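The lines below spell out each chain.
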Amino acid sequence: MFMNTRKTYQAVLQDEMDGFYTISVVEDPATEVQFQLFDKQRELFSVQDEEKRIMFSVVMLADTPIYRRTPELGEFYVKFSKETLREMSKRCLQNGFQNNVSFSHDGTLVQGINMFEIFQSDKERGIDPKGFEDCADGTLFASFKVEDDELWDKIKNGNFKGFSFETVFALEESDFSKDNNEDEALMDEIITMLEKIKK
């Protein structure tokens, strides 16, 4: 019998120190155990200007369930609201973390890559990056200038394909989980009825 029991949580900032501290450039932009990454089915990273050495992409999708797995909670989804992402980006800039960049979450900050803008999409204000129109409103974007020749060659050659942030936050069960559980129960009833009809 079909049943999806994964819960959905909202990311919330409970402590003054919560937020993101480092943006990592990753080879496989998919969701991993510890970090929020891109869905691997989407291509959300581009070398925007080879002359200027600019890379631009989504840092985190707003209001979009992202798969995670931890030993404590098992498999679940987490969503970042546009308000939470706005507060996270504000704290990042206030604390001077915008140039904290690593590769593949290896724990080492690299030099030669500098953030020069971070913003959220806002269709009402006409802020809707071309090529990313299907991303939820409030999605967080960033642009980086790559000064290091060797790093630029790796990025240009496709060795790295996306951004991920290293973040600290709390989880709050989403109403979506409750709605989803009701939908699952209804689906189970329908399947049971169909099985009886077949007999």
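For the structure itself, consult the block above.
Described in the following lines is the structure provided in the data block. The structure displayed is predicted, hence computed values, not measured ones. (Residues numbered from 1 in each chain as written. Predicted model: local features only at pLDDT ≥ 70, side-chain atom pairs only at ≥ 80, totals over all residues. Heavy atoms only, no water.)

**Re the overall build of the protein**
Here is the rule we go by: Only DSSP runs of H or I covering at least 4 residues are called helices, and only runs of E covering at least 2 are called strands; the numbering of each starts at the N terminus. Here's how the labels work: a residue is buried when its accessible area is under 20% of the maximum for its type, exposed when over 50%, partly exposed in between, all with a 1.4 Å probe on protein chains only. Any two residues whose heavy atoms approach within 4.5 Å at even a single point are treated as in contact. Here the Shrake-Rupley method, with its probe set to 1.4 Å, supplies the accessible areas, and only the displayed protein chains count as covering residues.
Scanning the protein for helices and strands turns up three helices and eleven strands. Taking all 199 residues of the protein together, 42% fall into the buried category. Contacts in the protein between residues far apart in sequence, at least 24 positions, make up 73% of those at least 6 positions apart. Accessible surface for the protein amounts to roughly 11400 Å². Of this, 47% is attributable to carbon and sulfur atoms.

**Description of the nonpolar core**
Spelled out, the test is: The term nonpolar core refers to a set of buried residues drawn from Ala, Val, Leu, Ile, Met, Phe, Trp, Tyr and Cys, joined through side-chain atoms within 4.5 Å.
With 33 residues, the main nonpolar core has Phe80, Ile113, Phe144 and Phe165 as its most contacted residues. Sorting elements by how many residues they give to this core places strand S9 (residues 140-146) first, with four residues.

**A few points about the pattern of salt bridges**
Note the following rule: Any Lys or Arg side-chain nitrogen found within 4 Å of a carboxyl oxygen on Asp or Glu counts as a salt bridge.
Going through the model one piece at a time under the given rule, you end up with seven salt bridges. Put simply, Arg6 and Glu75 hold a salt bridge, and the shortest N to O gap is 3.4 Å. One end of the pair, Arg6, is in the segment before strand S1 (7-12); the other, Glu75, is in strand S6 (residues 74-79), with 69 residues separating them in the sequence. Look at Arg6 and you get partly exposed, because its relative accessible area is 28%. Arg91 is paired through a salt bridge with Glu87; the nearest N and O atoms lie 3.0 Å apart. Remark: Glu87 and Arg91 occur in helix H1 (residues 82-94); sequence separation between them is four residues, near one turn of the helix. Residue classification places Arg91 among the buried positions, given a relative accessible area of 16%.

**Digging into the side chain of Ser143**
What counts here: Whenever a nitrogen or oxygen atom comes within 3.5 Å of another N or O atom, the pair is scored as a polar contact, on the condition that within protein one atom can donate a hydrogen and the other can accept it, and that pairs from neighbouring residues in sequence are kept only if both atoms are in side chains.
Tracing the chain through its elements places Ser143 in strand S9. Within polar-contact distance, the side chain of Ser143 engages the side chain of Glu117 at 2.6 Å. Once residues within four sequence positions are removed from consideration, Ser143 is found in contact with Ile54, Met55, Phe56, Asn114, Met115, Phe116 and Glu117.

**A word on unusual backbone geometry**
For Asp63, which is not a glycine, the phi torsion comes out positive at approximately 50°. Within the element layout of this structure, Asp63 appears in the loop between strand S4 (54-60) and strand S5 (66-70). The partly exposed category is assigned to Asp63, whose relative accessible area is 36%.

**As for helix H2 (residues 149-156)**
Short version of the rule: Throughout, the arc means the angular range of directions from the helix axis out to the C-beta atoms.
Along H2, the residues that are buried comprise Leu151, Trp152 and Ile155. Seen from one end, H2 has its buried residues packed into an arc of 100°, which puts them on one side. For H2, the N-terminal capping position is held by Asp148, with its side-chain oxygen 3.0 Å away from the main-chain nitrogen of Glu150. With its phi angle positive at about 85°, Gly158 sits one or two positions after the end of H2.

Keep in mind that these numbers describe shape and distance, not what the molecule does.
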